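Listed here are the chains, written in short residue letters.
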Amino acid sequence: MLKVIARSLLFLLLTVITQIGGMVLLLSWLVSRRLLARWPVRFPKLLGTAVFVMLYITTTALIVPPLARLNGRVPLPVFEDEALAPRTLGTALLNRHYVDVELKTLAHDVAHAFAEKGRPPVLYLDACFPFFDGFPLLPHLSHNDGRKLDLAFCYKNAEGVPTVSTPSLIGYGAFAYPMANEENTSARCLADGAWWYDILGFVPTDHAIGLDEQRTKELVNTLADNQHTGKIFIEPYLKKRLGIESNKVRFHGCHAVSHADHIHVQLR
């Protein structure tokens, strides 16, 4: 019974964090059982793990992309585009980089507009899973239809030089906190009972890397000027501080998490 429970939990965990991992796990169990029946080995669990890893990488790289296109979703570039890249390779390995074709066009156009000005690459964080509208991309509330994408803020190092890095390894969690004369959205939301609002504040960050306000403003305005863009979410005090006037840039509400560490953009 404990073995069944453990396997069920593993299946659910892999499904939640990768969407396809649970199905690949089932397939790996079947393949491993067939292999062990023919060629018994000393370490069967090691064989099972190796089979799962090979099947998962093969499925992610070769099978998921063409099937996702049938669902109207395409992967964002991982290595092939110097202007647009994931903050971490884990985003692609976990299949969290799929978007609607229109959203890929938006991200491509904005990133290349930046590259033409000599800017460092635009880094994307989470997008959506490849299949099924409504399938949740935890911990996000709305990244479930291929029409939403998170981008990293722009940063500079301790010398004030633009950098392609971010203060945290995953891009999230490095909050640009409000100044003394700015409204503290986090405090207001926490007072209203939204205990989850700044939950990513525990993520380790490199304080030598700071927000590049000028380039971040330029990135948000470039997104807002794009015809495909419907809404952009950042903290209200950041919109005011950066001098952003577009009506597309809005407050996401206390039901979500803080957008003091990233830009959320979605289609019309």
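Everything quoted here is computed from the prediction, not taken from an experiment.

**Q** Any chance you could explain the overall build of the chain here in plain terms?
**A** When helices and strands are counted, the chain shows 8 helices and 11 strands. For the C-alpha atoms alone, the extent of the chain along its principal axes is close to 70 × 40 × 35 Å. The contacts in the chain between residues at least 6 apart in sequence include a share of 74% that link residues at least 24 apart. A total accessible area of about 14300 Å² is found for the chain, and carbon and sulfur atoms account for 64% of it.

**Q** Sorry, what's going on with a nonpolar patch on the surface here?
**A** Together, Leu-10, Leu-13, Val-16, Ile-17, Phe-79, Leu-89, Leu-93, Leu-94 and Leu-138 give the surface a local cluster of nonpolar side chains, amounting to about 790 Å² of exposed area. Here the nonpolar patch gets 4 residues from one element, more than from any other, and that element is helix H1 (residues 2-18). Residue class for Leu-13 comes out partly exposed when judged on its relative accessible area of 48%.

**Q** Sorry, what's going on with the packing of aromatic side chains here?
**A** Each aromatic ring pair is described using two quantities: the centre-to-centre distance and the angle formed by the ring planes. Scanning the entire structure with this criterion turns up 5 aromatic pairs. Their ring planes at 85 degrees and their centres at 5.5 Å tell us that Trp-195 and Trp-196 sit as a pair that is edge-to-face. A relative accessible area of 29% places Trp-196 in the partly exposed class.

**Q** I would appreciate a short explanation of the packing of H1 against helix H2 (residues 21-38) in the present structure.
**A** Close contact between H1 and H2 brings their axes to 6 Å; oriented N to C, the two are set at 135 degrees. With respect to H2, the axis of H1 lies oblique. Of the residues in H2, those in contact with Arg-7, Leu-10, Phe-11, Leu-14, Thr-15 and Thr-18 of H1 are Gly-21, Gly-22, Met-23, Leu-25, Leu-26 and Trp-29. Considered class by class, the residues forming the contact of H1 with H2 number 7 nonpolar, 4 polar and 1 charged.

**Q** Which parts of the structure should I look at to understand the state of the cysteines?
**A** What makes a disulfide is a covalent bond joining the sulfur atoms belonging to two cysteines. Applying the stated rule across the entire model yields 1 disulfide. Through a disulfide, Cys-189 is tied to Cys-254; the S-S separation comes to 2.0 Å. Residues Cys-189 and Cys-254 are joined through a disulfide that is left-handed, its torsion about the S-S bond being -70 degrees. In this pair, Cys-189 sits in helix H6 (residues 185-191) while Cys-254 sits in the loop between strand S10 (249-250) and strand S11 (262-267), placing the two residues 65 residues apart along the sequence. Each member of the pair Cys-189 and Cys-254 is classed as buried.

Procedures and definitions
Residues numbered from 1 in each chain as written. Predicted model: local features only at pLDDT ≥ 70, side-chain atom pairs only at ≥ 80, totals over all residues. Heavy atoms only, no water. Helix = DSSP H or I, 4+ residues; strand = E, 2+ residues; numbered from the N terminus. Contact = heavy atoms within 4.5 Å. Areas by Shrake-Rupley, 256 points an atom, 1.4 Å probe, with all protein chains shown as cover. Patch = residues over 30% accessible without salt bridge, like charges linked within 9 Å, V, L, I, M, F, W, Y side chains within 5 Å. Salt bridge = Lys/Arg side-chain N within 4 Å of Asp/Glu carboxyl O. Buried < 20%, exposed > 50% of the residue type's maximum accessible area, 1.4 Å probe, protein only. Phe/Tyr/Trp six-rings, centres within 6.5 Å; stacked < 30°, edge-to-face > 60°. Axes fitted to C-alpha atoms, helices over the stretch in contact; angles between N-to-C directions. Parallel < 35°, antiparallel > 145°, perpendicular 65-115°, else oblique. Nonpolar A, V, L, I, M, F, W, Y, C, P; charged D, E, K, R; others polar. Disulfide = S-S within 2.5 Å.

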